[in-house]
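What follows is the residue order along each chain.
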There are 2 protein chains.
Amino acid sequence: MRQEFESRLLENCVTEISRLPGIGRKTALRLALHLLRQEPATAMSLGNAIIEMRKGITYCKECHNISQTELCPICANGRRDHSTVCVVESVKDVIILENTGQYSGVYHVLGGVISPIDGVTPDMLEIDSLVERVERGGINEVILALGATMEGDTTGYYIYRRLAPCTDLKITQLARGVALGNEIEYTDELTLGRSLKNRTLFSDSIAM
Amino acid sequence: MRQEFESRLLENCVTEISRLPGIGRKTALRLALHLLRQEPATAMSLGNAIIEMRKGITYCKECHNISQTELCPICANGRRDHSTVCVVESVKDVIILENTGQYSGVYHVLGGVISPIDGVTPDMLEIDSLVERVERGGINEVILALGATMEGDTTGYYIYRRLAPCTDLKITQLARGVALGNEIEYTDELTLGRSLKNRTLFSDSIAM
């Protein structure tokens, strides 16, 4: 690898920062030089926060949300409704849905959506673990809270088919108050909260 | 401070990342979740690179460029021309000028330019230390390699006035091949290399 800067420490730091998505070497250099201009404590806090976060955070064995313990605080919370599981694409979606304050059930994080173009197949997502979780029993309703996109719809339909053999299971989806083509994470909390309340039977949407 | 996320470690990391210039909380969360999806080694490398850079890099006592030693490698290099000092706004400008491969003298990093709007006054910059450095003797030429902006011109003129009492000192500036209104760091290396070679007497530009 070509060394661009005199200082190996700067070179190394710029290289590491530029590995982050959406950050090129120019931006990485700007950030590194910014850190050099600040008090040493600023860079120490940032570096340590990154290291400690990665060391301390793992994934919940039940819902695959991020967690500092084996079971995440949501799964471990006895006051939440464990018979209702909200299926989401990512950890970010859990954070956003929690912020609506409208939901008291638990989650299941898929870790993505089915996307042939990006090479994401169902076996790469936490779908088998969702089916197993439902088959273990105790779950009355699965809410598909996926983006109103081609990939979100495909994933929802795939999960619906996989869960179809489970009798007595209600499979619902967020009310389509979410504008078509939009991702969950860019939807405002009011719309999200309302679409959680007005969720409809998945089977109805197929009939339409 | 409001805690937005369940995990204190995530909260802390997002807060620290969002302190970086141009990075808001949404981007910081995206970066933090990206790091959580990668191998632990990726986050460790990034965190350690930031910490080690900040611990290991200080400023050269002579030219105020970044350095891992008391004197930076450029100032400590006996084969460079120590009688020619190139005055630049920032560390980034040193990196860019070095990349032209056209310059064999030494540098003096001001740490900014005079800007009344941003509240940057001459005493906040490394101008006194430049004057002292010239007064110590052994310097024949000071090249003002500042951006062709209002602030760059003001700073250049201020330094020119401060150094005017030093007889036998040639004060030059980069040839104005640099398009007016542009910053040094966004100029291509070819233009920069040429404007270094065609540098003109500062007094001539005032006469024009």
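None of these values were measured; they are calculated from a predicted model. (Residues numbered from 1 in each chain as written. Chains lettered and ligands numbered in written order. Predicted model: local features only at pLDDT ≥ 70, side-chain atom pairs only at ≥ 80, totals over all residues. Heavy atoms only, no water.)

## Regarding the sheet that holds strand 7 (residues 200-201) of chain B
Residue and element names in this part refer to chain B.
1) Next: The 5 strands are arranged 4-3-5-6-7 in an open sheet whose pairing can be described as mixed. Bordering the open sheet on either side are strand 4 (105-109) and strand 7, each of which pairs with just one other strand.
2) Next: Pairing between strand 3 (residues 81-88) and strand 5 (residues 141-144): 4 bridges, direction parallel. Within strand 5, the residue paired with Thr84 across the bridge is Glu141.
3) Next: Helix 4 (residues 91-100) contacts strand 3 and strand 4 of the sheet and is inclined by roughly 160 degrees relative to strand 4.
4) Next: Across the face of the sheet, helix 6 (residues 150-163) comes into contact with strand 3, strand 5 and strand 6 (170-173) while running at roughly 165 degrees to strand 5. (Pairing = 2+ DSSP bridges. Helix = DSSP H or I, 4+ residues; strand = E, 2+ residues; numbered from the N terminus. Contact = heavy atoms within 4.5 Å. Axes fitted to C-alpha atoms, helices over the stretch in contact; angles between N-to-C directions.)

## Thoughts on the relation of the copies chain A and chain B
1) Next: It takes a turn of 180 degrees to lay chain A on chain B, together with a shift of 0.0 Å along the axis; the resulting RMSD is 0.1 Å. Those values place the two copies in the arrangement expected of a two-fold rotation axis. Distance from the rotation axis, computed per C-alpha, reaches its smallest value in chain A at Gly47(A): 1.9 Å.
2) Next: Mapped onto chain B, 100% of the interface residues of chain A again fall at the interface, so both copies present the same surface. (Least-squares fit on C-alpha atoms with pLDDT ≥ 70 in both.)

## Things to note about the environment of Asp118(B)
Residue and element names in this part refer to chain B.
1) Next: Within the secondary structure layout, Asp118 lies in the loop between strand 4 and helix 5 (128-135).
2) Next: Given a relative accessible area of 61%, Asp118 falls into the exposed group.
3) Next: Between the C-alpha atoms of Asp118 and Glu11, which are 107 residues apart in sequence, the distance is 32 Å.
4) Next: Within the local environment of Asp118, its side chain forms a polar contact with the side chain of Ser115, the two groups lying 3.1 Å apart. (Buried < 20%, exposed > 50% of the residue type's maximum accessible area, 1.4 Å probe, protein only. Polar contact = N/O pair within 3.5 Å; in protein donor to acceptor, adjacent residues only side chain to side chain.)

## Comments concerning the confidence of the model for chain A
Caution applies to low-pLDDT regions: their predicted coordinates should not be interpreted in detail.
Residue and element names in this part refer to chain A.
1) Next: Counting all residues, the mean pLDDT for chain A is 88, and 94% of those residues have values of 70 or more.
2) Next: Of all helices and strands in chain A, the one with the weakest mean pLDDT is helix 9 (residues 202-207) (69), whereas strand 4 (residues 105-109) scores best (96).
3) Next: Interface predicted TM-score (ipTM) for the complex: 0.77; the corresponding pTM is 0.75. (pLDDT = per-residue confidence, 0-100.)

## Thoughts on the interface of chain A and chain B
1) Next: Tallying the contact residues gives 55 residues for chain A and 56 residues for chain B.
2) Next: For the pair chain A and chain B, the two sides together bury roughly 5000 Å², of which 72% comes from carbon and sulfur.
3) Next: The interface formed by chain A and chain B holds 0 salt bridges in total.
4) Next: Scanning the region where chain A abuts chain B turns up 13 residue pairs in polar contact (both at pLDDT 80 or more).
5) Next: Of all elements in the fold, only helix 1 (8-17), helix 2 (25-37), helix 3 (40-56), helix 4 (73-76) and helix 5 (91-100) of chain A reach the threshold of two or more residues within the side of chain A that touches chain B.
6) Next: Here the side of chain A that touches chain B gets 16 residues from one element, more than from any other, and that element is helix 3 of chain A.
7) Next: Split into classes, the residues belonging to the side of chain A that touches chain B amount to 30 nonpolar, 11 polar and 14 charged. (Buried area = accessible area lost by both parts, 1.4 Å probe. Salt bridge = Lys/Arg side-chain N within 4 Å of Asp/Glu carboxyl O. Nonpolar A, V, L, I, M, F, W, Y, C, P; charged D, E, K, R; others polar.)

## Concerning the pairing of strand 6 of chain B
Residue and element names in this part refer to chain B.
1) Next: Here strand 5 runs beside strand 6; their pairing, made up of 4 bridges, is parallel. Along strand 6, the bridge assignment pairs Leu144 with Gln173.
2) Next: Bridge count between strand 6 and strand 7: 2 bridges; the pairing is antiparallel. Counterpart to Thr172 in the pairing with strand 7 is Leu201.

## Here we look at the packing of helix 3 of chain A against helix 1 (residues 8-17) of chain B
1) Next: Remark: helix 3 of chain A packs on helix 1 of chain B, axes separated minimally by 9 Å, with the N-to-C direction vectors making an angle of 145 degrees. Seen along the crossing, helix 3 of chain A lies across helix 1 of chain B with a hand that is left-handed. Where helix 3 of chain A abuts helix 1 of chain B, its residues Thr42(A), Ser45(A), Leu46(A), Ala49(A), Ile50(A), Glu52(A), Met53(A) and Gly56(A) lie against Leu9(B), Leu10(B), Asn12(B), Cys13(B), Glu16(B) and Ile17(B).
2) Next: Considering only residue class, the contact of helix 3 of chain A with helix 1 of chain B consists of 8 nonpolar, 4 polar and 2 charged. (Left-handed = near helix turned anticlockwise from the far one by under 90°.)

## Considering helix 1 of chain B
Residue and element names in this part refer to chain B.
1) Next: Of all 10 residues making up helix 1, 8 are buried, and the element is well covered by its neighbours.
2) Next: Among the residues of helix 1, those classed as buried are Leu9, Leu10, Glu11, Cys13, Val14, Thr15, Glu16 and Ile17.
3) Next: Here helix 1 starts with a cap whose side-chain oxygen sits 3.3 Å from the backbone nitrogen of Leu9, and that cap is Ser7.

## Details of the side chain of Arg54(A)
1) Next: Looking at the secondary structure, you find Arg54(A) in helix 3.
2) Next: Nearest to the buried, unbridged Arg54(A) among oppositely charged side chains is Glu39(B), at 6.5 Å.
3) Next: A polar contact is formed between the side chain of Arg54(A) and the backbone oxygen of Leu35(B), at a distance of 3.0 Å.
4) Next: The residues contacting Arg54(A), other than those within four sequence positions of it, are Leu35(B), Leu36(B), Gln38(B), Glu39(B), Pro40(B), Ala43(B) and Met44(B). (Lys, Arg positive; Asp, Glu negative; His and termini not counted.)

## So, the side chain of His108(B)
All names here are of chain B.
1) Next: Turning to its location among the elements, His108 is positioned in strand 4.
2) Next: Of note is the side chain of His108, whose polar atom sits 3.3 Å from the side chain of Ser129.
3) Next: A polar side-chain atom of His108 sits 3.0 Å from a polar atom in the side chain of Arg133.
4) Next: Sequence-distant contacts of His108, defined by excluding residues within four places in its chain, comprise Glu62, Cys63, His64, Val85, Cys86, Val87, Val88, Glu126, Ser129, Leu130 and Arg133.

## As for the pairing of strand 5 (residues 141-144) of chain A
1) Next: Burial along strand 5 of chain A is two-sided: Glu141(A) and Ile143(A) facing one way and Val142(A) and Leu144(A) facing the other are all buried.
2) Next: This β-α-β element, strand 5 of chain A to helix 7 (residues 150-163) of chain A to strand 6 (residues 170-173) of chain A, shows right-handed connectivity. (Right-handed = clockwise from strand over helix to strand, strands pointing away.)

## Quick word on helix 7 (residues 189-197) of chain B
1) Next: All buried positions along helix 7 of chain B are accounted for by Thr191(B), Leu192(B), Gly193(B), Ser195(B) and Leu196(B).
2) Next: As for helix 7 of chain B, its buried residues are in contact with helix 4 of chain B.

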